[in-house]
Amino acid sequence: IMKFTILATLAASTAAFAPANLSVRSTALNAESVPLANGKMSFNRVCREWRCKYEGDKATSESLEAIAAVVDDLLPTIKGISDGITVNRLVCGGCLDFKL
């Protein structure tokens, strides 16, 4: 049941990040820097983070394996949203978080 819940949640949440028209490419990577912290830092892109919990040891977790399968299936679509997209996978063994 846990695997199904994770897969269903990830699959359902991806629609929120899909562009309405896949033929339109974002130019976000060419954006002007926005200053923050009184000019001490700035940013020129906005990132999205998907986070979910997994069960068990990270080396043998079946739920983490299921998450990886969903990500592998969706990765071409995610990267196709805009030129130059970088996708990072992070696993925290302490808090059992998977982050994309």
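Everything numeric here is computed off the predicted structure, so don't read it as measured data.

Asker: Which residues make up the nonpolar core, and what values go with them?
Answerer: In this structure, Trp-50, Cys-52, Tyr-54, Leu-64, Ile-67, Val-71, Ile-78, Phe-98 and Leu-100 together form the largest nonpolar core, which totals nine residues. Top element by residues in this core is helix α2 (residues 62–79). It accounts for four residues. Not counting chain neighbours up to four residues away, the residues in contact with Val-71 comprise Arg-89, Phe-98 and Leu-100.

Asker: Just give me the short version of the sheet that holds strand β3 (residues 51–53), but keep the residues and values in it.
Answerer: Here we have three strands laid out as an open sheet, ordered β3-β5-β4, and antiparallel in their pairing. In this open sheet, the two strands that pair with only one neighbour each are β3 and β4 (90–92). Taking the axes of each pair of neighbouring strands and ignoring which way they run, one obtains an average angle of 20° across the sheet. Pairing geometry for β4 and strand β5 (residues 97–99), over three bridges, is antiparallel. Counterpart to Cys-92 in the pairing with β5 is Asp-97. Contacts from α2 reach β3, β4 and β5, with the element oriented near 10° to β5.

Asker: Lay out the pattern of salt bridges in plain terms, naming residues and giving numbers.
Answerer: Throughout the structure, instances matching the rule amount to four salt bridges. A salt bridge links Arg-51 to Asp-97; the shortest N-O distance between them is 3.8 Å. Placement of Arg-51 in strand β3 and of Asp-97 in strand β5 is noted, with a sequence separation of 46 residues between them. Given a relative accessible area of 6%, Asp-97 falls into the buried group. For the salt bridge of Asp-97 with Lys-53, the shortest nitrogen-to-oxygen distance reads 2.9 Å. In this pair, Asp-97 is assigned in strand β5 and Lys-53 in strand β3, connecting sequence segments 44 residues apart. Classification of Lys-53 as partly exposed rests on a relative accessible area of 47%.

The rules behind the values
Residues numbered from 1 in each chain as written. Predicted model: local features only at pLDDT ≥ 70, side-chain atom pairs only at ≥ 80, totals over all residues. Heavy atoms only, no water. Core = buried A, V, L, I, M, F, W, Y, C linked by side-chain atoms within 4.5 Å. Buried < 20%, exposed > 50% of the residue type's maximum accessible area, 1.4 Å probe, protein only. Helix = DSSP H or I, 4+ residues; strand = E, 2+ residues; numbered from the N terminus. Contact = heavy atoms within 4.5 Å. Pairing = 2+ DSSP bridges. Axes fitted to C-alpha atoms, helices over the stretch in contact; angles between N-to-C directions. Salt bridge = Lys/Arg side-chain N within 4 Å of Asp/Glu carboxyl O.

Such coordinate-based values are descriptive only and should not be taken to indicate function.
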